[in-house]
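# Chains, contacts and geometry: an overview
The lines below spell out each chain.
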Amino acid sequence: MKLSFKKSLITLLCLGVSASAFAQSSQLTKPEQLIKVRQSLFQTIGWNCTRIRQNLDKEYNKTEVIKSAEVIATLANSALDVLFAPGTATGKGWKDTAVKPEFFSKPEHSAQLLHQFRKEANTLAELVQTGSAEIVRPQFENLVKTCKACHDDFRNN
Ligand code: HEC
């Protein structure tokens, strides 16, 4: 009797936890939420690029550059593609999405640009560990080219 009471209590608790986890996760996969995360993620990437640029333009602080390059690589390697789920071609996150419909209608091309972006971000993250400003600069420019390539094709500027 006691045991089965315990069991049902545990079952109820588990149900409660999974129900609230489900409520949260379905909240998180709503298109407007995904667009919000997408915009925040790109803002964070942009902010860290600005930090690296400032270091390259003024006094080079290797530790600061490593931090930013690691953030960019981590975000590039995260499930970025999930943030472009169906249903997120239009709508409002923090503001109206700037993604172009072509991002979704030309999946091979967008996947290729994402892949190139990841590749350059990872190379940069490795290089900053040992490299001086002179060595880091060209790789940083390689990375920035991948931002521009995707924005030119897939973002309303
Ligand atoms: C594969 C395509 C792609 C790549 C690569 C890419 N972006 Fe973007 N970026 C986008 C799209 C699409 C948006 C619009 C997102 C939205 O509004 O839903 C965007 C938005 C932004 C924004 C505006 C965020 C906001 O809503 O305020 C910034 C800043 C930005 N990107 C910076 C960068 C930087 C810096 C890089 C490279 C280090 C980069 N992006 C690489 C596609 C890309």
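Refer to the preceding data block for the structure.
The structure contained in this document is the topic of the report that follows. Keep in mind that what you see is a predicted model, and the values were worked out from it rather than measured. (Residues numbered from 1 in each chain as written. Predicted model: local features only at pLDDT ≥ 70, side-chain atom pairs only at ≥ 80, totals over all residues.)

Let's shift gears to the site of the ligand. Residues in close proximity to the ligand total 23 residues, the closest being Q39, F42, G46, C147 and C150. Those elements giving two or more residues to the shell around the ligand turn out to be α2 (31-57), α5 (107-130) and α6 (133-154). Broken down by element, the shell around the ligand gets its largest block of residues, eight residues, from α2. Among the residues making up the shell around the ligand, the classes are represented as 14 nonpolar, seven polar and two charged. (Near = placed C-beta within 6 Å. Helix = DSSP H or I, 4+ residues; strand = E, 2+ residues; numbered from the N terminus. Nonpolar A, V, L, I, M, F, W, Y, C, P; charged D, E, K, R; others polar.)

A69, I72, A73, A121, L124, A125 and V128 are the most contacted members of the largest nonpolar core, which totals 16 residues. For this core, the secondary-structure elements that each account for two or more residues are α2, α3 (62-77), α5 and α6. By residue number, the principal contributor to this core is α5, which donates six residues. By size, the runner-up hydrophobic cluster in this structure holds seven residues, among which are L83, V99, F103 and F154. (Core = buried A, V, L, I, M, F, W, Y, C linked by C-beta atoms within 7 Å. Buried ≥ 20, exposed ≤ 12 C-beta atoms within 10 Å, placed from the backbone.)

Taken N-terminus to C-terminus, the directions of α5 and α6 make an angle of 160°; their axes are 9 Å apart at the nearest point. Taken together, the axis directions place α5 and α6 in an arrangement best described as roughly antiparallel. Both α5 and α6 take part in a crossing whose hand is left-handed. Counting all contacts with α5, which are made through S110, L113, Q116, F117, E120, A121, T123, L124, L127 and V128, the residues of α6 involved are I135, V136, Q139, F140, N142, L143, T146, A149, C150 and F154. Looking at the contact of α5 with α6 residue by residue, the classes come out as 13 nonpolar, six polar and one charged. (Axes fitted to C-alpha atoms, helices over the stretch in contact; angles between N-to-C directions. Parallel < 35°, antiparallel > 145°, perpendicular 65-115°, else oblique. Left-handed = near helix turned anticlockwise from the far one by under 90°. Contact = placed C-beta atoms within 7 Å.)

On to the environment of V71. Topologically, V71 is positioned in helix α3. V71 gets classed as partly exposed once you count the C-beta atoms within 10 Å, which come to 18. With 26 residues separating them in the primary sequence, V71 and I45 have C-alpha atoms 7.5 Å apart.

Moving on to the environment of V37. Relative to the helices and strands, V37 resides in helix α2. Taking the C-beta count within 10 Å as the criterion, V37 has 16 such neighbours and is therefore assigned partly exposed.

Here we take up the packing of α2 against α3. Closest axis-to-axis distance for the α2/α3 pair is 9 Å, and the angle between their directions is 155°. Classified by the interaxial angle, the pair formed by α2 and α3 is roughly antiparallel. Crossing handedness for the pair α2 and α3: left-handed. Every residue of α3 that contacts α2 at L41, T44, I45, N48, C49, R51, I52 and N55 is listed here: E64, V65, S68, A69, V71, I72 and L75. When the residues that make up the contact of α2 with α3 are grouped by side-chain class, the tally is nine nonpolar, four polar and two charged.

For α5, which comprises 24 residues, the first-to-last C-alpha distance of 36 Å matches the rise-based estimate of 34 Å (1.5 Å per residue) to within 8%. Within the sequence span of α5, burial applies to S110, L113, F117, E120, A121, L124, A125 and V128. On the buried face of α5, the contacting elements are α3, α4 (102-105) and α6. (Expected span 1.5 Å × (residues − 1).)

For the rest of this paragraph, the subject is α6. Structurally, the α-helix is built with 3.6 residues per turn, so residues lying three or four positions apart point the same way. Taking 1.5 Å of rise per residue, the 22 residues of α6 would be expected to cover 32 Å, and the 31 Å separating its terminal C-alpha atoms lies within 8% of that figure. Among the residues making up α6, those that are buried are V136, F140, L143 and F154. The arc that holds every buried residue of α6, seen down its axis, measures 70°, which confines them to one face. Summarising the geometry of α6, the exposed residues directed more than 90 degrees from the buried face are E134, P138, E141, K148 and D152. (Arc of directions from axis to C-beta.)

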